[in-house]
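A look at the structure
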Amino acid sequence: MEKHYTLITGASMGIGRALAEECAKRGRNVLLVALDGPELHTAAQEIVQKHGVEAHAFGLDLTATDAPLKVYTWCQENGYSVDMLINNAGFGLGDILDRVPIGVYQKMLRLNNQVMFEMTYHFLPQLKQLDKAYILNSSSMEGLMPMPFKAAYTATKHFVTAFSLSLREELAETGVSVSALCPGPVVTNEDGLKRIQRSGRKAKLVVMYPYQVAPIAINGLLKGKRIIIPGVMNQIMILVNNGLPLALRMKLLRKIGAAVIPKET
Ligand SMILES: NC(=O)c1ccc[n+]([C@@H]2O[C@H](COP(=O)([O-])OP(=O)(O)OC[C@H]3O[C@@H](n4cnc5c(N)ncnc54)[C@H](OP(=O)(O)O)[C@@H]3O)[C@@H](O)[C@H]2O)c1
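Read on for a plain summary of the structure. Predicted model only: the values in this text are computed from it and were never measured. (Residues numbered from 1 in each chain as written. Predicted model: local features only at pLDDT ≥ 70, side-chain atom pairs only at ≥ 80, totals over all residues. Heavy atoms only, no water.)

1. Points about the state of the cysteines
Per the counting criterion, the structure on display carries 0 disulfides. The thiol sulfur of Cys23 is not disulfide-bonded, and the nearest other cysteine sulfur, from Cys75, lies at 14 Å. In this structure Cys23 comes out as buried when scored by relative accessible area, which is 0%. Looking at Cys75, the relative accessible area reads 0%, which means it is buried. (Disulfide = S-S within 2.5 Å. Buried < 20%, exposed > 50% of the residue type's maximum accessible area, 1.4 Å probe, protein only.)

So this is what it looks like as structure tokens:
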């Protein structure tokens, strides 16, 4: 039987690292992609030691021209047949829009959207040939509700959600299942922790950690869920939010978004 692999972008730390661990724990071979650095290679070594599966690392800047094609070529050249593609690499920022240099936005739009699209585009023909294959795209709760003061980020995540939902229906007659992962705030680093601390007590109710998100994400993906929202509080928040008139909804979201704007330095 052909050996298969789960490919995870942004797998050196945070949610991506936890997703890689979760897949390996379930006996899946993993391919870890992130910026080249010690964390990435250590992550692969630790996964091999802990879970006894294959783990291979490919370090590159995914925002570089043709980087997604290079990842695909790396898999082809090494005979890695991917049956689960996890487009997780991405980042966000919240601030007054024109206070942030345009280059930062350009990188975010490229990583969150174009890279996810190009990875999917390159791997799709091969995924379609399999009886069962999966694509998990990392969106966000902010890919389900527009967030003021994070206008560009929330727009990138709406792109991810819409792309995932639409492509899923296009692939209904194939064995490829597409899901969008929509977590609320997840503490993955010091900056994230500071942001949560700025947001006050209520925000802390919805905060999760990568090790909590990962099993929910993989269970949801294997069950073929369209949208995966980890955490009951987050699910309730989306339900309540969707039930409100748009003007009121946006007023409330403005308050939430304004609470996390960094202080001017
Ligand atoms: N954390 C949250 O609160 C949250 C909430 C909802 C959705 N999300 C989404 O979940 C995903 C993961 O978020 P996270 O918080 O876990 O991120 P993170 O901790 O910052 O990790 C990001 C990962 O992406 C990699 N990466 C960043 N830029 C890259 C580039 N140019 N080329 C290749 N790899 C790159 C990083 O690699 P290196 O570190 O090695 O550079 C790292 O492995 C993102 O799409 C994010 O938008 C996060």
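And the narrative resumes.
2. Brief notes about empty space enclosed by the protein
In this structure the tally under the stated criterion is 1 cavity of 30 Å³ or more. Estimated volume of the largest cavity: approximately 40 Å³. In terms of lining, the largest cavity is formed by Leu93, Asp95, Leu97, Tyr105, Phe149, Lys150, Ala151, Ala152 and Tyr153. In terms of residue count, the dominant contributor to the lining of the largest cavity is helix H5 (residues 151-170) (3 residues). A class-by-class count of the residues in the lining of the largest cavity yields 7 nonpolar, no polar and 2 charged. (1 Å grid on protein atoms, 1.4 Å probe; cavity = no way out; pocket = protein on both sides within 12 Å on 5 of 7 lines; lining within 4 Å. Points joined across faces, edges and corners; volume = space filled by probe spheres on them. Helix = DSSP H or I, 4+ residues; strand = E, 2+ residues; numbered from the N terminus. Nonpolar A, V, L, I, M, F, W, Y, C, P; charged D, E, K, R; others polar.)

3. Focus on the site of the ligand
Inspection of the region around the ligand gives 26 residues, with Ser12, Ile15, Asp61, Asn88 and Val186 positioned closest. Here Leu62 contributes a backbone N or O atom positioned 2.8 Å from a nitrogen atom of the ligand. Lys157 is positioned such that a nitrogen or oxygen atom in its side chain is 3.0 Å from an oxygen atom of the ligand. Summarising the interface, the protein chains cover 87% of the accessible area of the ligand, which totals 900 Å² for the free molecule. Breaking the shell around the ligand down by element, the ones donating at least two residues are helix H1 (14-25) and H5. (Near = heavy atom within 4 Å. Polar contact = N/O pair within 3.5 Å; in protein donor to acceptor, adjacent residues only side chain to side chain. Areas by Shrake-Rupley, 256 points an atom, 1.4 Å probe, with all protein chains shown as cover.)

4. Things to note about unusual backbone geometry
In this structure, Asp66 is a non-glycine residue whose phi angle is positive, near 65°. The residue Phe149 is not glycine, and still its phi comes out positive at about 70°. In this structure, Phe149 sits in the loop between strand S5 (133-138) and H5.

5. Digging into the pairing of S5
Counting buried positions over the 6 residues of S5 gives 6, a clear majority of the element. The alternating pattern of S5 places Ala133, Ile135 and Asn137 and Tyr134, Leu136 and Ser138 on opposite faces, both of which are buried. Note: strand S4 (residues 81-87) against S5, 4 bridges, orientation parallel. The residue bridging Met84 from the neighbouring strand is Tyr134, located in S5. Assessed by its sense of winding, the connection that carries the chain from S4 through helix H4 (residues 102-128) to S5 is right-handed. Sheet topology note: the S5/strand S6 (residues 176-181) ladder contains 6 bridges and is parallel. Directly across from Ser138, in S6, lies its bridge partner Leu181. In this region the chain leaves S5, passes through H5 and returns to the parallel neighbour S6; the handedness of that crossover is right-handed. (Pairing = 2+ DSSP bridges. Right-handed = clockwise from strand over helix to strand, strands pointing away.)

By themselves these figures say nothing about function.
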